[in-house]
Amino acid sequence: MGCEKEYYKFFHYTIRLLKANVMDDVIVELYKQKSANSRFMFTRSLLRKHKILASTLDDGFEYDHPSTSTNLRQSGNALFKAELYEEAADMYTKSLKGSKPSTECYALAMANRSAAHFCMGKYDHCLRDARCAMATNYPSKLAYKLYERAGHAERKLGLVERAKESYAVCLTRLDEADMSAENKRKFRVAVEIAVTECEQVLTEQERAMKIPIIEHLVGGRNDNIPALSAFVELKMSEDMRRGVYATRDINPGDVVAIDEPYICGPSGNDTEVCHYNGCLKMDFALFRCPKCFMVYYCTKDCMDKDYKEGHNFACPIIYFIRSRIPGISRMNELAMKWFLKDYLKMGLKKYCSIVDNFSESKIDHITRGFDEIGQYKSDNFLTAYSLDNRENKMPMEVLFFFNCIAVDMLHYLILSGFKIPEQYMGSVGASLVHILTVLDLNCRKLNTNAPTVSFRSDTYTIALTLYPTISLFNHSCDANIKRSGERIDRIRVMKAIQPIPKGTQLCCSYGIIFNGHDTESRQEVCNDRFNFKCYSQPCIKNLPTFHFIPKHHSTLTYILNPSMADIVSSECKKFVEFTKSVEPKDHCQHLNYLYSFIKLLYTNVKRPFALYEECLEMIGNAHSISTNVIRACED
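Residues numbered from 1 in each chain as written. Predicted model: local features only at pLDDT ≥ 70, side-chain atom pairs only at ≥ 80, totals over all residues. Heavy atoms only, no water.

Draft legend 1. Expanded view of the overall build of the protein. Scanning the protein from terminus to terminus reveals 23 helices and 15 strands. Residues classed as buried in the protein amount to 52% of the 635 residues present. In the protein, the proportion of contacts linking residues at least 24 apart, taken out of those at least 6 apart, comes to 69%. With an accessible surface of roughly 29,900 Å², the protein has 51% of that area assigned to carbon and sulfur atoms. (Helix = DSSP H or I, 4+ residues; strand = E, 2+ residues; numbered from the N terminus. Buried < 20%, exposed > 50% of the residue type's maximum accessible area, 1.4 Å probe, protein only. Contact = heavy atoms within 4.5 Å. Areas by Shrake-Rupley, 256 points an atom, 1.4 Å probe, with all protein chains shown as cover.)

Okay, structure coming up:
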């Protein structure tokens with residue numbers, strides 16, 4: 001799994017054990033434990049005995065005296081009045097560093113910095129600071145200014161609908177303002193004019209709006225796996241175990257899966273992605289959680305929903321999960337989110353009963369994740385929980401590390417006041433270890449399907465996502481399906497990118513493709529990171545990478561059907577001209593042509609064939625480029 005390299009902070013837990021000369025005995029004792037529950041309890045007892053766990057929720061932050069922060073803010077105000085906006089913003093930043101986020105002093109400095117950013121034309125920064133000030137202890141009598149400025153910044157950024165909302169709040173907060181009735185009247189008139197202008201812009205946008213594309217699963221829904229096409233089924237194979245196979249011929253462009261993540265969250269310290277599991281929307285200047293200041297939401301509705309699903313309990317310990325607990329911090333945070341969501345939904349006894357029954361049962365691999373009526377649904381806890389985690393194949397040192405992380409996370413949760421009765425601690429702890437290992441394998445192997453965003457020439461993954469149904473697809477270094485649609489959409493649409501004959505396995509890529517990496521390096525990644533061997537044809541036949549595939553366009557060497565030689569040769573020449581005349585950004589408008597060309601080559605040409613691989617890459621890229629909003633449905 002490659003965990004030994006990624007979890008380099010293993011030493012965080014072992015240093016005291018090594019000094020005490022007990023580390024070898026620890027591994028021996030872990031091997032003796034008969035269950036996941038006993039492994040967790042042994043690890044917990046060990047960390048407590050050697051005083052490796054934190055004793056308090058002291059974050060270690062130190063703040064200057066409030067008067068220092070106030071003086072810095074007032075210096076910033078003087079610079080602002082002198083129209084030295086950049087210097088004023090720097091002074092406000094220094095003021096922020098010297099005051100607690102819960103204080104009025106902090107709120108005033110944040111609001112003033114937003115004004116400086118607005119005057120500099122940094123409207124996105126202005127909006128972030130304004131939203132932050134709104135969530136803090138900002139004086140009510142000044143709130144109308146903050147919302148007015150937010151509305152102005154949103155208009156500058158083209159966020160007209162949100163500007164209307166900000167102006168509406170501004171007008172409601174105007175009653176609290178400390179100003180004369182006449183000044184209030186004039187202010188209200190100015191804001192109402194801005195609202196009217198917003199409404200005019202929205203009307204024009206509605207007229208220009210295109211009808212969205214609606215995707216449909218080819219053949220409709222699968223009877224047993226609703227997120228999959230009716231033209232596929234689950235089967236076992238000797239080499240790859242459980243996999244998805246075509247029951248009919250599937251054509252390039254056919255939708256084979258429409259899946260939603262069971263759990264998801266930002267992949268980094270992203271302040272422009274809503275952290276709520278049911279949203280993940282990208283937006284400017286999100287609302288910050290007013291307590292931890294580390295979690296962001298696009299609306300207060302998302303904030304309220306996330307609180308109900310567990311953030312109110314995670315909030316006091318988010319800082320410690322991100323900064324004090326080793327491992328992949330965002331994976332740890334996502335595991336905590338998953339645990340709290342279902343623990344709170346089910347209740348303690350039901351949750352422990354379900355996870356204990358799962359660990360004790362011996363479920364046939366082909367039926368893992370299916371409920372009692374034979375349905376495999378991505379919104380079902382056990383469907384996600386039963387995904388493969390390779391726990392029984394991990395080195396004991398790595399499994400010990402996952403147990404240490406789980407002990408640490410639950411310890412911080414208990415320090416914050418969360419109650420877990422001692423008799424249930426083993427079940428809860430073992431379940432968290434299981435969740436961590438499920439996420440570790442499945443989030444990482446499906447990172448190519450996670451929501452991403454393009455910036456300049458690079459593409460960034462913005463979320464960690466667990467798609468239970470897409471996880472059913474095995475990997476191939478010559479994938480025949482790929483994600484499609486808006487990069488930032490949390491709903492994932494999977495389409496065929498090659499012809500898939502009846503009986504063929506549908507495979508996506510875990511980020512490794514044959515024409516970009518040699519066989520040895522691909523197999524090394526598959527084995528080290530995901531603990532499997534790839535049995536795709538490029539790996540079995542050791543096919544060359546794209547740079548070593550002959551680029552000449554003669555089909556004589558590659559033709560499979562001599563009677564089609566002239567037609568194939570003619571179409572190849574047309575394709576070469578197409579590649580010269582059509583920009584990559586416009587390939588999505590010519591997908592039907594690309595589908596027909598790759599079908600022609602699939603039937604008549606022996607691979608690897610340069611034009612086939614080039615067409616395949618165009619199709620894959622075009623699926624990720626959308627000129628319109630794509631909505632997914634399962635009907």
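Draft legend 2. Region of interest: the environment of Ser229. Tracing the backbone through its elements, the reader meets Ser229 in the loop between strand S1 (213-215) and strand S2 (232-237). The exposure class assigned to Ser229 is buried, which follows from its relative accessible area of 0%. Spatially, the C-alpha atom of Ser229 lies 5.2 Å from that of Leu217, the residues being 12 residues apart in sequence. For Ser229, the side chain forms a polar contact with the main-chain nitrogen of Phe231, separated by 2.9 Å. (Polar contact = N/O pair within 3.5 Å; in protein donor to acceptor, adjacent residues only side chain to side chain.)

Draft legend 3. How the structure looks around the packing of helix H3 (residues 23-32) against helix H17 (residues 396-415). Contact pair H3 / H17: the axes reach a minimum separation of 10 Å and the direction vectors enclose 90°. In this view, H3 runs roughly perpendicular relative to H17, as classed from their interaxial angle. Across from Met23, Val26, Ile27, Leu30 and Tyr31 in H3, the residues of H17 making contact are Met396, Glu397 and Phe400. For the contact of H3 with H17, the residue count by class is seven nonpolar, no polar and one charged. (Axes fitted to C-alpha atoms, helices over the stretch in contact; angles between N-to-C directions. Parallel < 35°, antiparallel > 145°, perpendicular 65-115°, else oblique. Nonpolar A, V, L, I, M, F, W, Y, C, P; charged D, E, K, R; others polar.)

Draft legend 4. Quick peek at the packing of aromatic side chains. Throughout the structure, instances matching the rule amount to 21 aromatic pairs. On the numbers, 4.4 Å between centres and 10° between planes, the contact of Phe575 with Phe597 is stacked. Of this pair, Phe575 sits in helix H21 (residues 565-581) while Phe597 is found in helix H22 (residues 591-604), placing the two residues 22 residues apart along the sequence. In this structure, Phe575 and Phe597 share a single accessibility class: buried. (Phe/Tyr/Trp six-rings, centres within 6.5 Å; stacked < 30°, edge-to-face > 60°.)

Draft legend 5. The sheet that holds strand S13 (residues 492-496), seen in detail. Taken in spatial order, the three strands of this open sheet run S4-S13-S12, and their pairing is antiparallel. Here the strands that pair on one side only, and so sit at the sheet edges, are strand S4 (255-259) and strand S12 (481-484). The sheet shows a mean angle of 25° between the axes of neighbouring strands, direction not considered. Pairing of S12 with S13, which is carried by four bridges, proceeds in the antiparallel orientation. By the bridge assignment, Lys482 is partnered in S13 with Lys495. The sheet strands contacting helix H23 (residues 610-623) are S12 and S13, and the helix crosses S12 at an angle near 30°. (Pairing = 2+ DSSP bridges.)

Draft legend 6. Fine view of the sheet that holds S2. The mixed open sheet is built from four strands, whose spatial order is S2-S3-S14-S11. Each edge of the sheet is formed by a strand with only one pairing partner; in this case those strands are S2 and strand S11 (474-475). Strand direction decides the pairing type here: S2 and strand S3 (residues 241-246), joined by six bridges, are antiparallel. Residue pairing for S3: Leu234 is matched across the bridge by Val244.

Draft legend 7. Summary view of the side chain of Thr383. With respect to the element layout, Thr383 can be found in helix H16 (residues 381-385). Excluding residues that lie within four positions of it along the chain, Thr383 makes contacts with Gly369, Tyr376, Lys377 and Pro468.

Draft legend 8. Local environment of helix H14 (residues 329-346). If you check H14, its first and last C-alpha atoms are 26 Å apart, about what 18 residues at 1.5 Å a residue would give, namely 26 Å. One or two residues past the end of H14 sits Gly347, with phi positive at roughly 90°. (Expected span 1.5 Å × (residues − 1).)

Draft legend 9. Examining the nonpolar core more closely. Judged by nonpolar contacts, the single largest core of 111 residues is most densely connected at Trp338, Phe339, Leu439 and Phe473. At 14 residues, the largest contribution of residues to this core is made by H17. The residues contacting Phe339, other than those within four sequence positions of it, are Tyr351, Leu410, Leu413, Val428, Ser431, Leu432 and Ile435. Among the nonpolar cores identified, the runner-up in size contains 34 residues, and Cys126, Ala143, Tyr144 and Ala150 belong to it. (Core = buried A, V, L, I, M, F, W, Y, C linked by side-chain atoms within 4.5 Å.)

Draft legend 10. Representation of the pattern of salt bridges within the structure. This structure, assessed with the given rule, holds 23 salt bridges. Arg131 is paired through a salt bridge with Glu154; the nearest N and O atoms lie 2.5 Å apart. Within this pair, whereas Arg131 is found in helix H8 (residues 123-134), its partner Glu154 is found in helix H9 (residues 143-156), the two being separated by 23 residues in sequence. One exposure class covers both Arg131 and Glu154, and it is buried. Across the pair Arg322 and Glu333 runs a salt bridge, and its minimum N-O distance is 2.9 Å. (Salt bridge = Lys/Arg side-chain N within 4 Å of Asp/Glu carboxyl O.)

Draft legend 11. How the structure looks around the side chain of Glu333. For Glu333, the position within the fold is in helix H14. Apart from the residues lying within four places of it in its own chain, the contact partners of Glu333 are Val295, Ile318, Ile321 and Arg322.

Draft legend 12. View of the environment of Met282. Locating Met282 in the fold gives a position in the loop between strand S5 (263-266) and strand S6 (287-288). As for Met282 and Cys298, which are separated by 16 residues in sequence, their C-alpha atoms are 7.8 Å apart.

Function cannot be inferred from these measures alone, as they are strictly geometric.
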